[in-house]
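So you can see what is in the structure, the chains are spelled out below.
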Amino acid sequence: MRFETVCKAVCIASTLALFAQPAAAEKVLKLGTVGFLGMPIGDAIDQALIPTLEEVSGGKMTIEPHYRKSLCSEQSCGEQANQGLIALWTSSTANFGNFGTSLAIFDLPYIFKSIEDADRISTEWLAKKQCDIAAEEAGHVCLTVYSSGGFRQLGNAHGPVHVPSDMEGIKWRVTKSPIEYTLVKNWGAVPVPYDWSQLYQGLQTGVVSGQYVATPWQHVAKLHEVAKYFTEIGGSWSGNQLSIDKRQYDALTEQEQEWLQIAAQAFGQKVQELDRAWVEAGETAIKAEIDEWYVPSEEELVQWRAGAIDAWLNAKGTYDPQTARRVLEEQGMTGFITQLEEAGAL
């Protein structure tokens, strides 16, 4: 008798506990990213994208994040989204190029003059314009474009670099990016493709003497311990994007699409805020430990921008000249427009 009573009590308790649990989301979107908690992309997913979507949908939609390449990395994330294995993915705008050229404009050197200009113009109109193109051409609906590390800056172990001629003959580490290779070569250095994981040791031993990397990543990798001379030339903005596979997006109701767009907007605002703080913290820490942080004059920047002309010429056909002109005009970059026009890049 006592046994039956206990069993009934357990069953009642289990039933009550079952009904007390919150209802599971009706739609779960799996997200693949190389970002992780502790850096702006991962933190913005955790602090803005996920909670905003749950809030505006009343818990009907949620996101299942997979950080640190646990499912895929950049290009392969986009491929998995196309296969329906995941829905959302992040990547650099450069790696989005594997699916089309709609975001290539963000990778043009000196398209932006500052982090503030890049954030403002991207948020106000450029991201939407290019993402609308991406939805038609790339098989992915780009939801927002944002920075991961601001601008690449020059750091080297050789000595002060103020103008491009100061780089003459120095072995400079580059990635596989054709734009980066062209820039470093045009600035007079010797481009040397070199693995990121070995870069600290390479700078320490003199296999390479310089690098062109976003400053917070230079700080994370402690490159300033062996490269004591920095030059704030800007140029290449570290653009990134958040997308969803178009077929999966089109399968959502209009209401669900609206919820997702609101969440993506919140993510974009949060990642901008976190990224600016990350860049500032990295630069402050580096400046405290190096021999020189040089900021070129406007006259000297004209020389640095001249090295970017070939990169624009090589990229012709991947960007709309009128759109690029508008971006530059909104920043008052009339001198660079003239340089580009004379070379036939605009």
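Shown above is the structure to which this text applies.
What counts as what
Residues numbered from 1 in each chain as written. Predicted model: local features only at pLDDT ≥ 70, side-chain atom pairs only at ≥ 80, totals over all residues. Heavy atoms only, no water. Helix = DSSP H or I, 4+ residues; strand = E, 2+ residues; numbered from the N terminus. Buried < 20%, exposed > 50% of the residue type's maximum accessible area, 1.4 Å probe, protein only. Polar contact = N/O pair within 3.5 Å; in protein donor to acceptor, adjacent residues only side chain to side chain. Contact = heavy atoms within 4.5 Å. Salt bridge = Lys/Arg side-chain N within 4 Å of Asp/Glu carboxyl O. Pairing = 2+ DSSP bridges. Disulfide = S-S within 2.5 Å. Phe/Tyr/Trp six-rings, centres within 6.5 Å; stacked < 30°, edge-to-face > 60°. Lys NZ or Arg CZ within 6 Å of the ring centre and 35° of its normal. Core = buried A, V, L, I, M, F, W, Y, C linked by side-chain atoms within 4.5 Å. Arc of directions from axis to C-beta. Axes fitted to C-alpha atoms, helices over the stretch in contact; angles between N-to-C directions. Parallel < 35°, antiparallel > 145°, perpendicular 65-115°, else oblique. Nonpolar A, V, L, I, M, F, W, Y, C, P; charged D, E, K, R; others polar.

Enquirer: What exactly am I supposed to notice about the side chain of S147 here?
Expert: Of note, S147 is situated in strand 4 (residues 140-156). With a relative accessible area of 4%, S147 lands in the buried category. A polar contact is formed between the side chain of S147 and the side chain of D275, at a distance of 2.7 Å. When residues no more than four places from it in sequence are discounted, the contact partners of S147 are W237, S238 and D275.

Enquirer: Just to check I follow, could you spell out the pattern of salt bridges for this structure?
Expert: Pairs may arise between side chains of opposite charge once their charged atoms sit close together. The full count for this structure, using the stated rule, is 12 salt bridges. We note a salt bridge from R120 to E124, for which the minimum N-O separation is 3.9 Å. Here R120 pairs with E124, and both are found in helix 5 (residues 115-137), just four residues apart, close to one helical turn. According to the relative accessible area criterion, R120 is partly exposed, its value standing at 30%. We note a salt bridge from K270 to E273, for which the minimum N-O separation is 3.5 Å. Of this pair, K270 and E273 both sit in helix 10 (residues 254-287), separated by three residues, roughly a single helical turn. Classification of E273 as partly exposed rests on a relative accessible area of 48%. Connected through salt bridges with shared partners, the residues D117, R120, E124, R326 and E330 form a single ionic network.

Enquirer: Sorry if this is basic, but what is going on with the pairing of strand 3 (residues 88-92) here?
Expert: Counting buried positions over the five residues of strand 3 gives five, a clear majority of the element. In this structure, strand 1 (residues 27-32) lies alongside strand 3, joined through two bridges in parallel fashion. When the bridges of strand 3 are listed, L31 appears paired with L88. In terms of strand pairing, strand 3 meets strand 9 (residues 237-245) through five bridges, oriented antiparallel. Along strand 9, the bridge assignment pairs T90 with L242.

Enquirer: What is the right way to look at the state of the cysteines in this model?
Expert: Put plainly, two cysteines are in a disulfide when a covalent bond ties their sulfur atoms together. Taken as a whole, this structure holds two disulfides when the rule is applied. The cystine pairing of the protein chain, numbering bonded cysteines in sequence order, is 1-2, 3-4.

Enquirer: What's the story with the packing of aromatic side chains in this structure? I'm lost.
Expert: Aromatic ring pairs are defined here through the distance separating the ring centres and the angle between the ring planes. Applying the stated rule across the entire model yields 14 aromatic pairs. Aromatic pair F96 and F99: ring centres 6.3 Å apart, planes at 55 degrees, arrangement tilted. F99 shares its class with F96; the two are buried. Ring geometry for W187 against Y212: centres 5.6 Å apart, planes inclined by 85 degrees, an arrangement best described as edge-to-face. Of this pair, W187 sits in the loop between helix 6 (178-186) and strand 6 (190-193) while Y212 sits in strand 7 (residues 210-214), and the two are 25 residues apart along the sequence. We note that W187, like Y212, is buried. Site record: aromatic cluster; members linked through ring pairs are Y110, W312, Y319 and F336. The aromatic ring of W293 is capped on one face by K287, whose charged end is 4.9 Å from the ring centroid.

Enquirer: Hey, could you run me through the nonpolar core in this one?
Expert: Within soluble globular proteins, side chains that are nonpolar generally end up buried alongside one another. Counting residues in hydrophobic clusters, the biggest one holds 56 residues, and the most contacted among them are F112 and W312. Ranked by the residues each element gives to this core, the list is headed by helix 5, at eight residues. Ignoring any residue separated from it by four or fewer positions in sequence, one finds W312 in contact with L108, P109, I111, Y319, A324, L328, F336, L340, A345 and L346. Core analysis: the next-biggest nonpolar cluster, separate from the first, contains 29 residues, L53, V141, Y249 and W278 among them.

Enquirer: I would appreciate a short explanation of helix 11 (residues 298-306) in the present structure.
Expert: Residues that lie three or four places apart on an α-helix share one face, since the helix turns once every 3.6 residues. Looking only at helix 11, the buried set comprises E300, L301, W304 and R305. The arc that holds the buried residues of helix 11, viewed along the axis, is 145 degrees, so those residues lie on one side. Each element contacted by the buried residues of helix 11 is listed here: strand 4, strand 8 (229-231), strand 10 (292-294), helix 12 (309-314) and helix 14 (334-343).

Enquirer: Even after reading the chapter, I still don't get helix 6, so can you show me in this structure?
Expert: Buried within helix 6 are the following residues: E180, T182, L183 and V184. Looking one or two residues past helix 6, G188 carries a phi angle of roughly 105 degrees, positive in sign.

Enquirer: Honestly, the environment of T284 in this entry has me stumped. Any pointers?
Expert: Take T284: it is sitting in helix 10. Sequence spacing of T284 and P216 is 68 residues, and the spatial spacing of their C-alpha atoms is 9.7 Å. Polar side-chain contacts of T284 include one of 2.8 Å to the backbone oxygen of E280.

Enquirer: I'm lost on the side chain of H140 in this one. Help?
Expert: By the element assignment, H140 lies in strand 4. One polar contact links H140 to N82, side chain to side chain, over a distance of 3.2 Å.

Enquirer: Which parts of the structure should I look at to understand the packing of helix 5 against helix 13 (residues 321-330)?
Expert: Think of two packed helices as two axes; the pair is described by the angle between the axes and how far apart they sit. Running from N to C, helix 5 and helix 13 point in directions that differ by 175 degrees, and their axes come no closer than 12 Å. Accordingly, the angle class assigned to the pair helix 5 and helix 13 is roughly antiparallel. For the pair helix 5 and helix 13, the contacting residues are R120, I121, W125, L126, K129 and Q130 in the first and T323, R326, V327 and E330 in the second. Classifying every residue of the contact of helix 5 with helix 13 by side-chain character gives four nonpolar, two polar and four charged.

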